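Coordinate inspection notes
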Amino acid sequence: MMQARKFLTDHNRIFIPLISVLYSLMVFTVSIVYAFLLVLIFSIPVIIFLLMHFFGMYKFRPRLFGGLVILIVVLMIAAGIYSTYFYDLNGQHSQDIQGTSIGNQYISIFRGG
């Protein structure tokens, strides 16, 4: 167990971004299906901070720059996930307000014509 901990702390510059990005992508992907879990997005910086502390990254400058790089990468990947999801809807959006169906609305930029 001690060897695994030493390996993780020795290679923390690999494992911190990897685990952070995987956790963040899981949160974004699950929040597409379950919108109420979108609140978990606020846990991403906390998880990054805890991972940095657990893996032995204590200095301020590596934490700041590492956290910014992780967040930028996560936001770019999440933007790709969300844009692909909304683009696959073909611009069709239906809404149900208090049991009354409004019908289909089309967003003209996606309709292709």
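Computed from a predicted structure; not experimentally measured.

What follows is about the overall build of the protein chain. Helix and strand counts for the protein chain come out as five helices and two strands. When each of the 113 residues of the protein chain is scored for burial, the buried share is 20%. Sequence separation of 24 or more characterises 49% of the internal contacts of the protein chain that already satisfy a separation of 6 or more. Summed over all atoms, the accessible surface of the protein chain reaches about 8500 Å², with 70% contributed by carbon and sulfur.

Taken together, the side chains of Phe-60, Leu-64, Phe-65, Leu-68, Ile-72 and Met-76 present a nonpolar region at the surface, about 670 Å² in accessible area. You can see Leu-68 is positioned in helix α4 (residues 60-87). By relative accessible area, Leu-68 is classed as partly exposed at 44%.

Before going further, it helps to examine the side chain of Arg-63. Here Arg-63 is to be found in helix α4. For the buried Arg-63, no salt bridge exists, and the shortest N-O distance to an oppositely charged side chain is 16 Å, to Asp-10.

The subject of this paragraph is the confidence of the model for the protein chain. The predicted model of the protein chain averages 80 in pLDDT, with 74% of residues at 70 or higher. Between the elements of the protein chain, mean pLDDT differs from a low of 53, seen in helix α5 (residues 108-111), to a high of 92, seen in helix α3 (residues 44-54).

A few words on the side chain of Ser-24. You can see Ser-24 is positioned in helix α2 (residues 12-33). Exposure remark for Ser-24: the relative accessible area of 0% places this residue in the buried category. Those residues in contact with Ser-24 that sit more than four places away from it in its chain are Ile-44 and Val-74.

What counts as what
Residues numbered from 1 in each chain as written. Predicted model: local features only at pLDDT ≥ 70, side-chain atom pairs only at ≥ 80, totals over all residues. Heavy atoms only, no water. Helix = DSSP H or I, 4+ residues; strand = E, 2+ residues; numbered from the N terminus. Buried < 20%, exposed > 50% of the residue type's maximum accessible area, 1.4 Å probe, protein only. Contact = heavy atoms within 4.5 Å. Areas by Shrake-Rupley, 256 points an atom, 1.4 Å probe, with all protein chains shown as cover. Patch = residues over 30% accessible without salt bridge, like charges linked within 9 Å, V, L, I, M, F, W, Y side chains within 5 Å. Salt bridge = Lys/Arg side-chain N within 4 Å of Asp/Glu carboxyl O. Lys, Arg positive; Asp, Glu negative; His and termini not counted. pLDDT = per-residue confidence, 0-100.

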